[in-house]
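Single-letter residue listing:
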Amino acid sequence: MRRLLTALFSVIVVGLMLAMTTQVSAGKSAMITVPDRVGDVGKYNVFIIVGGNKAAADVENSWGDNAPPLDATYVDMVSVSFGIVRGSYVFEMKVAGDLPKVGEPLPPGIRTMGFMLWIEDGPWDPASDVLPHTLYELIFEFDGSSYTAYMCCYATGAMPVLPSSCVSMLDSRTFQIQFTPDDIGGLTAFWWSAGSYLAKEHALAWPWITDLFDLGAAPGQVGTDFHWPPP
Ligand SMILES: [Ca+2]
């Protein structure tokens, strides 16, 4: 049995190593990809165990009867890639369902949906009361009529919209956003994590976090976060 478990563990480790690929080209380009389980929208919201309060069973009580349905598969993260390519940071996400098109209705009670990239000064352990400081938050939001990418600076409260040229829809379930080090105050080393949300208003007001990184998803992960550059 021990030998079988060891072999199985080896397969898992190799699988994780393959899943989290690091590609370094001749320049300073490097990307890492973090896999995320499918079918976990709203089911494993680690926000509910902040401070070790694992007794909390409801994903978000304040939503009450207006809780959005859990079949919005376009907020189910499948994989997230992050890195730097030719001097620009790249944030890419693949989701389980087709991203809503302009004019397509969102779930009842929902005004916006979207995705977030957190840039922080430390990793976050959901079972700890200690929270890192979010330095910047990239929000990619759909309000039914358009997709918009914002870069929120927590120090100043500024929320500049990134040029539309920074956003690429690679296919119906994959988007990519590029931004420069200048967009995040010249930061070259930080911790990062990603998630998705449905919101009554927008990402910074009444968001319902629908998916976050699986804990232990890939090598190098500390809590929910990864360090950039990778160790
Ligand atoms: Ca997922």
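Residues numbered from 1 in each chain as written. Predicted model: local features only at pLDDT ≥ 70, side-chain atom pairs only at ≥ 80, totals over all residues.

A. Summary view of the overall build of the protein. Summing up its helical and strand segments, the protein has one helix and twelve strands in all. Overall, the protein shows an N-to-C arrangement of helices and strands of α-β-β-β-β-β-β-β-β-β-β-β-β. Across the 231 residues in the protein, those meeting the buried criterion constitute 29%. Restricting to contacts in the protein with at least 6 residues of sequence separation, those with at least 24 account for 63%. (Helix = DSSP H or I, 4+ residues; strand = E, 2+ residues; numbered from the N terminus. Buried ≥ 20, exposed ≤ 12 C-beta atoms within 10 Å, placed from the backbone. Contact = placed C-beta atoms within 7 Å.)

B. Quick look at the environment of Met159. Positionally, Met159 belongs in the loop between strand 7 (147-153) and strand 8 (167-171). Given 13 C-beta atoms within 10 Å, Met159 falls into the partly exposed group. Contact partners of Met159, with chain neighbours within four places excluded, come to Tyr150 and Cys152.

C. Geometry of the environment of Thr224. Residue placement: Thr224 occurs in the loop between strand 11 (205-212) and strand 12 (226-228). Exposure remark for Thr224: the 24 C-beta atoms within 10 Å place this residue in the buried category. Residues Thr224 and Asp214, ten residues apart in the sequence, show an inter-C-alpha distance of 7.2 Å.

D. Expanded view of the pairing of strand 4 (residues 88-95). Every second residue of strand 4 is oriented toward a common face, the buried set being Tyr89, Phe91, Met93 and Val95 and the non-buried set Ser88, Val90, Glu92 and Lys94. Remark: two residues form the turn of the hairpin made by strand 3 (residues 77-85) and strand 4, two consecutive strands paired antiparallel; Arg86 in that turn has positive phi of roughly 50°. (Pairing = 2+ DSSP bridges.)

E. Focus on the environment of Thr188. Considering the arrangement of structural elements, one finds Thr188 in the loop between strand 9 (174-179) and strand 10 (190-202). Between the alpha carbons of Thr188 and Trp228 there is a distance of 7.5 Å; along the sequence they are 40 residues apart.

F. View of the nonpolar core. Counting residues in hydrophobic clusters, the biggest one holds 44 residues, and the most contacted among them are Val75, Met116, Leu117, Leu138, Trp192, Tyr197 and Leu198. Per element, the largest residue contribution to this core is seven residues, and it comes from strand 10. (Core = buried A, V, L, I, M, F, W, Y, C linked by C-beta atoms within 7 Å.)

G. Summary view of unusual backbone geometry. Cis geometry is found at the peptide bond from Trp228 to Pro229, where omega equals -5°. Position of Pro229 among the secondary structure elements: in the segment after strand 12. One non-glycine residue, Arg86, adopts positive backbone phi at about 50°. Looking at the secondary structure, you find Arg86 in the loop between strand 3 and strand 4.

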